[in-house]
Amino acid sequence: MLPHDSLQPREYQQRIAQSALKSNTLVVLPTGLGKTVIAVLVARSRLENFEKGKVLVLAPTRPLSLQHYNTFKNTLSIPEHDLSLLTGESNPEHRAYDWERSRFIFATPQTIRNDVRAGRTNLKDVVLMVFDEAHRCVRDYSYTELAKTYVETAEQPLILGLTASPGASRERLNEITRNLSIKKVEARSEEDEDVKPYVEKTNLEGIRVQLPEEYSRLLQAVRELYSEKVKKLTDAGFLPKGRLSKTILLQSRTSMLARLKSPQAGRAGKGYIFGSLINQAQAVMVLHAVELLETQGIFVLERYLSRLREKRQQGKATTSLLRDERWLFVEEEASKLRDHEHPKLDKLASIATEQLSTKADSKIIVFTQYRDTIDAILEKLGKLGLRGHRFVGQADKAGSEGMDQRTQSEVLERFRDGDFSVLVSSSIGEEGLHVPDVDLVVFYEAVPSEIRSIQRKGRTGRTRPGRVIILIAEGTIDEAYYYSSISKEKRMRSLVSEEPRVYGRKRAKKNPTLLDFIDR
């Protein structure tokens, strides 16, 4: 028997857990409403029924795995010898020993996948596998391989997927349910009657800023260069006419490479395609410059331009672009504008100052996609005497040192304890990390992904009302991304909240859709 616990689950958590005990289940529940508690309930029940079984809880990062480790340990009063936290940093032999002795195992999926491949770990005795941030279970992410291996090898398999945001497209939702062998989806929104009493209000506000007049000449030059590259690709038949998204531009490379391999492409045709490949690569580089100037500012753009020129191994596309007189003009103009900060910096500083003057012990999280921007933000806040700290992933990137997982955990603990007021985070901070009582979340730029948007917003409004601000540069890609994410969120909520359809005899399909599984 498991030791006594202090768990006091809410009614909807109990109902979802009871349902999840019957078959492989994907739980879609807004951030802050206790998905982990549901996992604890299911895990406790499974181990009471299978006394020699194991529970494996997977999460994408070590800090998140550690968070689950502590939640299970404290909630169920589990003795130390029954739990193990396994990551790639630990010795493989020690991991094998910990796997054998433990009933509750918390790990990153890459670690378990590697140990399974090496024969150090066997999933035969696992009676519950929890996939946190289950929206990642697409394509070749390690969740996909582990789920397949688990279903094939475990004696008593049961899968529980947890996510706040599975995605807005039916194709993605179907892929997740297929890869996890899901039989049922338990979805709740803030509007469901059994959830409403526990939802804290979060105010969302988009704040617009105008780009400085000094940016106009540079912006026009880089936009014109981008338009020229796109026109060449459109004329060549590799891009559609009309509105063009970044995704379509990136995907066009795949069709070019496919044409290149085609037997019908003669020598002249291949030369034509090679030219288009160079144009496409340059278009991507120029578009990145446009986005940096529009949404991040001169400081970040200059760093990008400098790294591009200093890059040791430069392909034909880069070499040709760096010789282009129009690109040289972009570099020259950017150097003249070093003293002109992006207006978002002043606006962010004003927002943070106002928040802290209203409530001195406020916790603020600022999300941005770029590490260079993190540096600029911290420098700005530091000049105003505001205490901030960076939070980034493990990898070292272009002069920016990464943070190992131990350091990440230490920084989060210091933030929780109030050692500093502002956590400036890259995307690493978007998924699942629990920091109680965050008063304000700021998006330094809008993001087009509904999954990332929901996760960012979910860092506040957990135990009390929260506030979310999205900074938007007028007339830029920020506006398109802002409205895109809102539209995708609505579409996602509609997908997971539709009533189950009655299929009768026509229900049998080769590829069942998400709606076949929903049980409300």
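My aim in this report is to walk through the structure given alongside it, one point at a time. (Residues numbered from 1 in each chain as written. Predicted model: local features only at pLDDT ≥ 70, side-chain atom pairs only at ≥ 80, totals over all residues. Heavy atoms only, no water.)

Right, let's get into empty space enclosed by the protein. All chains considered together, the criterion is met by two cavities of 30 Å³ or more. A volume near 50 Å³ is recorded for the largest cavity. In terms of lining residues, the largest cavity is bounded by 10 residues, among which Ile365, Leu412, Leu423, Gly429 and Val435 are the most central. Elements supplying a minimum of two residues to the lining of the largest cavity: strand E9 (364-367) and strand E11 (422-425). Split into classes, the residues belonging to the lining of the largest cavity amount to seven nonpolar, two polar and one charged. (1 Å grid on protein atoms, 1.4 Å probe; cavity = no way out; pocket = protein on both sides within 12 Å on 5 of 7 lines; lining within 4 Å. Points joined across faces, edges and corners; volume = space filled by probe spheres on them. Helix = DSSP H or I, 4+ residues; strand = E, 2+ residues; numbered from the N terminus. Nonpolar A, V, L, I, M, F, W, Y, C, P; charged D, E, K, R; others polar.)

To continue, consider the nonpolar core. Counting residues in each nonpolar core, the largest one holds 41 residues, and the members touching the most others are Val366, Ile377, Leu423 and Leu471. Breaking this core down by element, the ones donating at least two residues are helix H14 (343-358), E9, helix H15 (371-383), helix H16 (405-416), E11, strand E12 (440-443), strand E13 (466-473) and helix H18 (477-497). Discounting residues that sit within four places of it in the chain, valine 366 has contacts with Leu348, Ile377, Val422, Leu423, Val424, Ser425, Val442 and Tyr444. Of all hydrophobic cores here, the second largest spans 39 residues; its members include Leu233, Met256, Ala317 and Leu322. (Core = buried A, V, L, I, M, F, W, Y, C linked by side-chain atoms within 4.5 Å. Buried < 20%, exposed > 50% of the residue type's maximum accessible area, 1.4 Å probe, protein only. Contact = heavy atoms within 4.5 Å.)

This part is about the pattern of salt bridges. Counted according to the given criterion, the structure contains 37 salt bridges. Between lysine 124 and aspartate 125 there is a salt bridge; the shortest N-O distance is 3.1 Å. Here lysine 124 falls in the partly exposed class, since its relative accessible area comes to 35%. When the shortest N-O distance is used, the salt bridge between lysine 380 and glutamate 341 registers 3.1 Å. In this pair, lysine 380 is assigned in helix H15 and glutamate 341 in the loop between helix H13 (325-336) and H14, connecting sequence segments 39 residues apart. For lysine 380, a relative accessible area of 16% puts it in the buried group. Taken together, the salt bridges that share partners define one network made up of Glu11, Arg15, Glu186, Arg188 and Asp194. (Salt bridge = Lys/Arg side-chain N within 4 Å of Asp/Glu carboxyl O.)

This part takes up the packing of helix H11 (residues 298-310) against H15. It is at 9 Å that the axes of H11 and H15 come closest, and there the two elements cross at 140°. As far as their axial angle goes, H15 and H11 are oblique. Here H11 and H15 pass one another in a crossing that is right-handed. Contact with H11, carried on its side by Phe299, Val300, Arg303 and Arg307, involves Asp372, Thr373, Asp375 and Ala376 of H15 and no other residues of that element. Tallied by class, the residues present in the contact of H11 with H15 amount to three nonpolar, one polar and four charged. (Axes fitted to C-alpha atoms, helices over the stretch in contact; angles between N-to-C directions. Parallel < 35°, antiparallel > 145°, perpendicular 65-115°, else oblique. Left-handed = near helix turned anticlockwise from the far one by under 90°.)

Positionally, valine 286 belongs in helix H10 (residues 267-295). With a relative accessible area of 0%, valine 286 lands in the buried category. The spacing of valine 286 and lysine 344 is 58 residues in sequence and 22 Å in space, taken between C-alpha atoms. Residues contacting valine 286, with those up to four places away along its chain left out, are Val222, Leu225, Tyr226, Leu321 and Trp327.

This part takes up the packing of aromatic side chains. For any pair of aromatic rings, the description rests on two quantities: the centre-to-centre distance and the angle between the ring planes. Taken as a whole, this structure holds eight aromatic pairs when the rule is applied. Taken together, the ring pairs connect Tyr69, Phe72, Phe104 and Phe106 into an aromatic cluster. When the ring centre of tyrosine 444 is taken as reference, the NZ or CZ atom of lysine 344 above it lies at 5.4 Å. (Phe/Tyr/Trp six-rings, centres within 6.5 Å; stacked < 30°, edge-to-face > 60°. Lys NZ or Arg CZ within 6 Å of the ring centre and 35° of its normal.)

Turning our attention to the pairing of E9. Neither face of E9 is open: one carries Ile364 and Val366, the other Ile365 and Phe367, and all of them are buried. For E9 and E11, the ladder comprises four bridges, and the chain directions are parallel. Within the sheet, the bridge partner assigned to valine 366 lies in E11 and is valine 424. Both E9 and E12 contribute to a ladder of four bridges, which runs parallel. Residue pairing in the sheet places isoleucine 365 in a bridge with valine 441 of E12. (Pairing = 2+ DSSP bridges.)

This part takes up helix H12 (residues 316-323). Every buried residue of H12 is accounted for by Ala317, Thr318, Leu321 and Leu322. Each buried residue of H12 sits inside an arc of 125° when the element is viewed along its axis, so together they form one side. The exposed set on the far side of H12, more than 90 degrees from its buried face, consists of Lys316 and Arg323. (Arc of directions from axis to C-beta.)

Quick look at the sheet that holds strand E10 (residues 388-391) now. Strand order in the open sheet made by the six strands is E8-E13-E12-E9-E11-E10, with parallel pairing throughout. The two strands at the open ends of the sheet, each matched to only one other strand, are strand E8 (202-209) and E10. Strand-to-strand twist in this sheet, taken as the mean axis angle between neighbours without regard to direction, amounts to 20°. Where E8 and E13 come together, eight bridges link them in parallel fashion. By the bridge assignment for E13, asparagine 203 is matched with arginine 467. H14 rests against E8, E9, E12 and E13 of the sheet, and its axis sits at about 165° to E13. The strands touched by H16 are E9, E10 and E11; relative to E10, the strand with the most contacts, the crossing angle is about 150°.

Residue position: lysine 344 is located in helix H14. Among all residues touching lysine 344, those that are not within four sequence positions of it are Val209, Thr295, Tyr444, Glu445, Leu471, Ile472, Ala473 and Asp478.

Attention now goes to a negative patch on the surface. Negative charge collects at one region of the surface, where Asp396, Glu401, Asp404 and Glu410 lie side by side. You can call glutamate 410 partly exposed: its relative accessible area is 45%. (Patch = residues over 30% accessible without salt bridge, like charges linked within 9 Å, V, L, I, M, F, W, Y side chains within 5 Å. Areas by Shrake-Rupley, 256 points an atom, 1.4 Å probe, with all protein chains shown as cover. Lys, Arg positive; Asp, Glu negative; His and termini not counted. Charge placed at Lys NZ, Arg CZ, Asp CG, Glu CD.)

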